[in-house]
Amino acid sequence: MNSTRSTFKASLSAQESARTEFYQENVKAPGDSLKAMITVYKAALLNGDGGIASEIENRIIILENEKDRLEKQVLELSAEITSGKEKYIRLQADFDNFRKRSEKERLTTRSDAQGEVIESLLPMVDSFEKAKQQVKPETEKEKKIDTSYQGIYKQFVEIMRSLQVAVVPTIGKPFDPSLHEAIAREESLEFKEGIIIQEFRRGFLLGGRLLRPAMVKVSSGPGSKKATAVADHKSSGQPAVGDQ
């Protein structure tokens, strides 16, 4: 009888030891596979092992808490990354704006400096033009001097052109107060009212910037000249200009 009891106890002890070894092999730490833990949990429930089932439930809770903590950490890191990207984009935009503004200021400063230098040379251009109109070389020596003089002026004009200096259009063009300075008005049969009929001084542009307006005379239309012309033509039997 005592021998039978001992054998039964030894059998129960062996089964308990085997179950314990099985649980310990499959559930070692909170980081174990959840699938393995669920398998052990089912086995514990089937075997009525409340201690192991409770332990696994606690470990599952720990895993859930760890999962929540990691998810929160991921969200925080994602927010930091997004914020960092936004800051980087803003910084890059600010840098691009600064670079463009600096480049614009540099070009403006350069253009202003060029404009000042060229403006100081414009009286020289006026002198060349005046000499070209007034000087009439007669002797061979005078012609050689004039040729040399005009060669220098031509080189000067080429340099001005290379700097994007252009002459303001005048005769035959409509008067533009942003480009022209009207110092006289005159009736004209050839030009309509508001059209430039004579240039007194050249105007110049540097790129799209006005260096100096052109001094001009502007047509005020035919006026009394047309009436006089009509009367003269009628007396001669010829049709007046504009009546043909």
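If you look the protein up in an unreviewed UniProt entry, it shows as GrpE protein homolog from Hibiscus sabdariffa. Regarding the protein, the relevant UniProt record gives this comment under Sequence similarities (unreviewed entry): "Belongs to the GrpE family." The Subcellular location (unreviewed entry) field of the UniProt record for the protein holds the comment "Mitochondrion matrix".

Regarding the overall build of the protein
The helix and strand tally for the protein stands at five helices and six strands. Listing each helix as α and each strand as β along the protein from the N terminus yields α-α-α-α-β-β-β-β-β-β-α. Expressed as a percentage of its 244 residues, the buried residues of the protein come to 18%. Summed over all atoms, the accessible surface of the protein reaches about 17900 Å², with 56% contributed by carbon and sulfur.

Some details on the packing of helix α3 (residues 50-134) against helix α4 (residues 140-162)
Two numbers describe how α3 lies on α4: the axes approach to 11 Å, and their chain directions differ by 145 degrees. Crossing angle aside, the handedness with which α3 passes α4 is left-handed. Touching I118, L121, L122, M124, V125, S127, F128, E129, A131 and K132 of α3 are Y149, Q150, I152, Y153, F156 and M160, all from α4. Grouping the constituent residues of the contact of α3 with α4 by class yields 12 nonpolar, two polar and two charged.

Quick word on the environment of E193
Relative to the assigned elements, E193 resides in the loop between β2 (180-186) and β3 (196-201). By relative accessible area, E193 is classed as exposed at 58%. Sequence separation between E193 and V218 is 25 residues; the distance between their C-alpha atoms is 7.6 Å. Each residue touching E193, except ones within four places of it in the same chain, is listed here: R185, S219, S220 and G221.

Here's the deal with the UniProt feature "coiled-coil region" (unreviewed entry) in the protein
UniProt annotation of "coiled-coil region" (unreviewed entry) refers to residues 53-87 when read in the numbering used here. Within residues 53-87, the helical portion is 100% and the strand portion 0%, while the C-alpha atoms at the span's ends are 51 Å from each other.

What about α4?
End to end, α4 covers 33 Å across 23 residues, agreeing with the expected 33 Å (1.5 Å per residue, within 8%). Taken together, the buried positions of α4 are Q150, Y153, F156 and M160. With its phi angle positive at about 70 degrees, Q164 sits one or two positions after the end of α4.

Side note on the sheet that holds strand β5 (residues 209-212)
The three strands are arranged β1-β4-β5 in an open sheet whose pairing can be described as antiparallel. With partners counted over all chains shown, the strands left at the sheet margins are β1 (165-167) and β5, one partner each. Neighbour to neighbour, the strand axes of the sheet diverge by 35 degrees on average, direction disregarded. For β1 and strand β4 (residues 204-206), the ladder comprises three bridges, and the chain directions are antiparallel. From the neighbouring strand, V165 faces β4, where its bridge partner is L206. Its contacts with the sheet place α3 against β1, β4 and β5, and it is angled at close to 35 degrees to β5.

What about α3?
With 85 residues, α3 should cover 126 Å at 1.5 Å per step; its first-to-last C-alpha distance of 123 Å lies within 8% of that length. Along α3, the largest kink reaches about 30 degrees and is centred on L121; proline P123 follows within four residues of it. Taken together, the buried positions of α3 are occupied by I52, A53, I56, R59, G115, I118, L122, V125, F128, E129 and A131.

Observations regarding the packing of aromatic side chains
Tallied over the entire structure, the rule returns three aromatic pairs. Judged by centre distance (5.0 Å) and plane angle (45 degrees), the rings of F128 and Y149 are tilted. Here F128 is found in helix α3, whereas its partner Y149 is found in helix α4, with 21 residues between them in sequence. On the basis of relative accessible area, F128 is assigned to the buried category, the value being 9%. Measuring from ring centre to ring centre gives 4.7 Å for F128 and Y153, while their planes differ by 20 degrees; the resulting arrangement is stacked. Taken together, the residues F128 in helix α3 and Y153 in helix α4 connect sequence positions 25 residues apart. Note on accessibility: F128 and Y153 belong to one class, buried. Each residue in the set F128, Y149, Y153 and F156 is aromatic and connected to the rest through ring pairs, giving one cluster.

Procedures and definitions
- Residues numbered from 1 in each chain as written.
- Predicted model: local features only at pLDDT ≥ 70, side-chain atom pairs only at ≥ 80, totals over all residues.
- Heavy atoms only, no water.
- UniProt positions renumbered as here; feature names shortened; annotations may be inferred.
- Helix = DSSP H or I, 4+ residues; strand = E, 2+ residues; numbered from the N terminus.
- Buried < 20%, exposed > 50% of the residue type's maximum accessible area, 1.4 Å probe, protein only.
- Areas by Shrake-Rupley, 256 points an atom, 1.4 Å probe, with all protein chains shown as cover.
- Axes fitted to C-alpha atoms, helices over the stretch in contact; angles between N-to-C directions.
- Left-handed = near helix turned anticlockwise from the far one by under 90°.
- Contact = heavy atoms within 4.5 Å.
- Nonpolar A, V, L, I, M, F, W, Y, C, P; charged D, E, K, R; others polar.
- Expected span 1.5 Å × (residues − 1).
- Pairing = 2+ DSSP bridges.
- Bend = angle between axes of the 7 residues up to and from the residue.
- Phe/Tyr/Trp six-rings, centres within 6.5 Å; stacked < 30°, edge-to-face > 60°.

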